[in-house]
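Chain and residue survey
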Amino acid sequence: MNSLNSASTLETHLETQTVIYPTLQYLVRFLPWDGKRVFDYLREESKHNPFIVENSDFQNSEALLDDILPNWYSPIAQELSLSEHLLGQISALSIPYKQREALTYLTQWLSNSGYLEETPEVWADGSIWSAKELEAVIPLLQSLDPPGIGTRTIQECLLIQLKNQPESLAFLLVKNYLEDIANCIGNSSESKHNCQLLLQELRQNHQYFNVDIDKITDAIHKIQELEPRPARNFGGSDAPIVTPDLKIELIAGSWQISLAYEVKQRFCLNSEAIKLLQESPKARRDTQQLEALLQKARNLLTALQQWQENLLKVGKFLVERQQAFLQSRDKLDLVSTPQQLVAQSVGLSNSTVSRIVRGRYILVCNQNSQIIPLHSLCVPIGVGGRTPQQIQQMLLQLIAEESPANPYTDEQLAQLLKMRFCLPITRRTVTKYRKIAGIKSSHQRKLTDIAGGRRQRAGGRR
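The structure displayed is predicted, hence computed values, not measured ones.

Criteria and cut-off values
Residues numbered from 1 in each chain as written. Predicted model: local features only at pLDDT ≥ 70, side-chain atom pairs only at ≥ 80, totals over all residues. Heavy atoms only, no water. Helix = DSSP H or I, 4+ residues; strand = E, 2+ residues; numbered from the N terminus. Core = buried A, V, L, I, M, F, W, Y, C linked by side-chain atoms within 4.5 Å. Buried < 20%, exposed > 50% of the residue type's maximum accessible area, 1.4 Å probe, protein only. Contact = heavy atoms within 4.5 Å. Pairing = 2+ DSSP bridges. Axes fitted to C-alpha atoms, helices over the stretch in contact; angles between N-to-C directions. Parallel < 35°, antiparallel > 145°, perpendicular 65-115°, else oblique. Nonpolar A, V, L, I, M, F, W, Y, C, P; charged D, E, K, R; others polar.

Before going further, it helps to examine the environment of Thr 426. Take Thr 426: it is sitting in the loop between α21 (410-421) and α22 (427-436). Taking the C-alpha atoms as reference points, Thr 426 and Ala 414, 12 residues apart in sequence, are found 6.0 Å from one another.

As structure tokens, then:
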């Protein structure tokens, strides 16, 4: 009798595993996906599975949704920063190590337009290189892509881009008549008159006696196609367009959360197909295959339901916990909420919460609608129970009060945090949070102040 009971229990266990395991498998697959990706997966599956059908009540609303949000689901690839673009090329140069390091250092002095500002003496001040050593690697910098990088004037920038055409009219105009050609651009009578004056001046040089207005116009058009700001396309890229799966609305003074895109409502089991299967003779060869497809459809829709429930469960907990921050949008109001706490509170595993939080976004519905990452509400515990954002804010406050000529070291900042904010913190931890906040070291802050003072004095002399 015991053996029969054991066999029955084993059989039941195995049967349960057969049903549950595929559901969990689909759920794990769905967890890191956004709503659109899950929707596309289900729609593709419905093309091959007769037991999954798209709910007709929602089919007509799809076109409207696409009209309103046509680019939600096409993230823009992040571009390399100028620094990353240059460092990749520098690492491939066959030059001595010291030159490579000096060249890398020099890239820090590039402006947002790609020009080298200041003088070699300013670059060298406080560094391990002399002005002469840094000046010697400028040609190496100017040999890199984008063309014109590392130049000091717009004329030098354009000439480098035309260096392969030294005999061309465009090169001559940039080299000797840059200010004149600026007055020739346009269709006004004054522009045409200036162009005639330039033509006369060129013809006085016997080498260019065959130049005419059309050739000057063509050369000017060629110059206009050059890039006067080589770093224009670097140094940042558009924020990626993302898909919010959750949305929050301010109702009666409290933020309430809901699903932004209910995929589960879009699909259901095909009752007509199920009825046909039930009425079909069991002896048919394809019956077993159809039953497997029906089971798969049930597993997918069950997993879809669990995916939405888990997503909403985590989002609801985080929104309720971060009400103060959502009201003020001040990072100092964020409450420490590590993933382990979320997992324990909502009854999910840490790995499940991690998959849900990572790459997930919330649409904030108010007068100035915006999208925020869900992980921004899931703040780890920092030093002394403070959030990392709060520690960074404290550092910024202290540095704003320091003497520019004698900035605080990381050790001094650690001591000030202990005394003023009762925050026990080590120098190493201060360094970590300072770097996360994008704050330069005390040495770099001092150099910036010195360079700024020199610019002011130079401006005064001019």
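Here the narrative resumes, following the displayed structure.
Counting 51 residues, the largest nonpolar core has Phe 30, Leu 42, Trp 307, Val 314 and Leu 377 as its most contacted members. If you tally residues by element for this core, the top one is helix α16 (residues 287-321), at 12 residues. Ignoring sequence-local partners within four residues, the contact set of Phe 30 consists of Val 38, Tyr 41, Leu 42, Leu 300, Ala 303, Leu 304 and Trp 307. Within the second largest apolar cluster, 22 residues are counted, among which are Leu 162, Phe 171, Ile 181 and Cys 195.

Take the sheet that holds strand β2 (residues 246-251) next. Pairing is mixed across the open sheet formed by 4 strands, whose spatial order is β3-β2-β5-β6. The outermost strands of the open sheet, each flanked by one partner alone, are β3 (254-259) and β6 (370-373). Ignoring which end each strand starts from, the neighbouring axes of this sheet average 30° apart. Summarising the sheet, strand β5 (residues 361-365) and β6 pair through 4 bridges and their orientation is antiparallel. Directly across from Tyr 361, in β6, lies its bridge partner Pro 373.

With that settled, consider the packing of helix α2 (residues 35-48) against α16. Taken N-terminus to C-terminus, the directions of α2 and α16 make an angle of 170°; their axes are 12 Å apart at the nearest point. As far as their axial angle goes, α16 and α2 are roughly antiparallel. Across the interface between the two elements, Gly 35, Val 38, Tyr 41, Leu 42, Glu 45 and His 48 of α2 pack against Leu 293, Lys 296, Leu 300, Leu 301, Leu 304 and Trp 307 of α16. Taken together, the residues of the contact of α2 with α16 sort by class into 8 nonpolar, 2 polar and 2 charged.

Right, let's talk about helix α11 (residues 169-176) for a bit. α11 sits mainly inside the fold: 6 of its 8 residues count as buried. Listed in full, the buried residues belonging to α11 are Leu 169, Ala 170, Phe 171, Leu 172, Leu 173 and Val 174. Where α11 is buried, its residues meet α10 (154-161), α12 (178-182), α13 (189-204) and α14 (213-224).

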